[in-house]
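Letter by letter, the chains look like this.
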Amino acid sequence: MTIRPFVADDWPAVAAIIDEVLTAGETYAMPPLDDAAARSFWLDQPGAVAVAEVDGVVVGTAKMGPNRPAQGSHIGTASFMVGTAARGHGVGRALGEHVLAWHRAEGFAGIQFNAVVSTNTVAVVLWRSLGFEVIGTVPGAFRRPDGSFAGLHVMYLDLSR
């Protein structure tokens, strides 16, 4: 597996992953997006975008940068998406480690994930294993496709340690 910066030719594969994840409706509080909106959501933010590639195929992606502008720009954030076929093969961990290294190299003081769905236990376990803590949970803030509700965790990693 290779983690590398996103290039324009990656867009069709990244767009397909975004569509798959958003259509499933289990991990992001947003509906499926048309191509222009998906491109804006994933690429038009300050920071960087990376992809995970296996045998020349893009199987996952991450975007990273400041969590907030101006006075909040010293704390980073990131978003991750891995295609269904690649899950359980270390893609999320490799992207997570890349994001941590990128934030450290860029001088961020910490990383805040704003909305990790509590039922996304694979992600919660992964982020905890990389040192993140749940610093708060908004109960019932995420409506799942079956109509049930789950909490949204705010997770944080102090990079100054």
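Structure report, in brief. (Residues numbered from 1 in each chain as written. Predicted model: local features only at pLDDT ≥ 70, side-chain atom pairs only at ≥ 80, totals over all residues. Heavy atoms only, no water.)

1. A short note on the environment of P12
Which entries qualify depends on this criterion: Each helix is a run of DSSP H or I of at least 4 residues and each strand a run of E of at least 2, with the numbering of both proceeding from the N terminus. Three labels apply to residues, based on accessible area from a 1.4 Å probe with only protein chains included: buried if under 20% of the type maximum, exposed if over 50%, partly exposed otherwise in between.
Looking at the secondary structure, you find P12 in helix 1 (residues 11-24). For P12, a relative accessible area of 58% translates into the label exposed. C-alpha of P12 to C-alpha of V58: the two residues are 46 residues apart in sequence and 9.5 Å apart in space.

2. As for the pairing of strand 6 (residues 133-143)
Where we set the bar: In this scheme, strands are said to pair when DSSP sees at least two bridges between them.
In this structure, strand 6 lies alongside strand 7 (residues 149-158), joined through 7 bridges in antiparallel fashion. Within strand 7, the position partnered with G136 by the bridge is V154. Counted along the chain from strand 6 to the antiparallel partner strand 7, the turn is 5 residues long, and its residue G147 has a positive phi close to 90°.

3. So, the pattern of salt bridges
Note the cut-off: Any carboxyl oxygen of Asp or Glu within 4 Å of a side-chain nitrogen of Lys or Arg constitutes a salt bridge here.
As enumerated under the stated definition, the model contains 5 salt bridges in all. A salt bridge links R4 to E53; the shortest N-O distance between them is 2.9 Å. Separated by 49 residues along the polypeptide, R4 in strand 1 (residues 2-5) and E53 in strand 2 (residues 48-54) bring together distant segments of the chain. Close ionic contact of D35 with R39 constitutes a salt bridge, the shortest N to O distance being 4.0 Å. Of this pair, D35 and R39 both sit in helix 2 (residues 35-43), separated by 4 residues, roughly a single helical turn. R39 gets classed as partly exposed once you look at its relative accessible area, which sits at 35%. Several salt bridges share partner residues, and in doing so they unite R4, D10 and E53 into one network.

4. Thoughts on the side chain of S79
Defined as follows: Residue contacts are counted whenever heavy atoms from the two residues lie within 4.5 Å of one another.
Following the sequence through the fold, S79 ends up in strand 4 (residues 75-82). Once residues lying within four places of it in the same chain are set aside, the contact partners of S79 are Y28, W42, T61, A62 and K63.

5. Some words on the environment of W42
For the record, the criterion: Pairs of N or O atoms are called polar contacts if they sit within 3.5 Å, as long as, within protein, a hydrogen donor faces a hydrogen acceptor (for residues adjacent in sequence, only side-chain-to-side-chain pairs).
Relative to the assigned elements, W42 resides in helix 2. W42 sits in the buried class, given a relative accessible area of 1%. Separated by 27 residues in the primary sequence, W42 and A15 place their C-alpha atoms 9.0 Å from one another. Once you skip the residues sitting within four places of it in the chain, W42 turns out to touch W11, V14, I18, Y28, V49, T61, A62, K63, S79, F80 and M81. A distance of 2.9 Å separates the side chain of W42 from the side chain of T61, its partner in a polar contact.

6. Comments concerning the packing of helix 1 against helix 2
So the rule is basically this: Each axis is a line fitted through C-alpha atoms, taken for helices only over the stretch in contact, and angles between the N-to-C directions span 0 to 180 degrees. Should an angle fall under 35 degrees it is taken as roughly parallel, and over 145 as roughly antiparallel, whereas 65 to 115 is taken as roughly perpendicular and any remaining angle as oblique. The classification used treats Ala, Val, Leu, Ile, Met, Phe, Trp, Tyr, Cys and Pro as nonpolar, Asp, Glu, Lys and Arg as charged, and all other residues, Gly among them, as polar.
Where helix 1 meets helix 2, the closest approach of the two axes is 10 Å, and the angle between their N-to-C directions is 95°. Relative to helix 2, helix 1 is oriented roughly perpendicular. Note on element contacts: helix 2 touches helix 1 through D35, A38, R39, W42 and L43, opposite W11, V14, A15 and I18. The residue inventory of the contact of helix 1 with helix 2, partitioned by class, reads 7 nonpolar, no polar and 2 charged.

7. Re the pairing of strand 7
Bridging between strand 5 (residues 110-117) and strand 7 involves 6 bridges; their strand directions are antiparallel. Paired with G110 across the strands is D158, a residue of strand 7.

8. Structural notes on the nonpolar core
Rule in force here: Here the nonpolar core consists of buried residues drawn from Ala, Val, Leu, Ile, Met, Phe, Trp, Tyr and Cys, with membership extended through side-chain atoms lying within 4.5 Å.
Core analysis: the largest hydrophobic core is formed by 27 residues, its most contacted members being F80, F113, W127 and F132. At 5 residues, the largest contribution of residues to this core is made by helix 3 (residues 91-105). In terms of nonpolar packing, the next biggest core, distinct from the first, is built from 16 residues, A15, I18, V21 and V51 among them.

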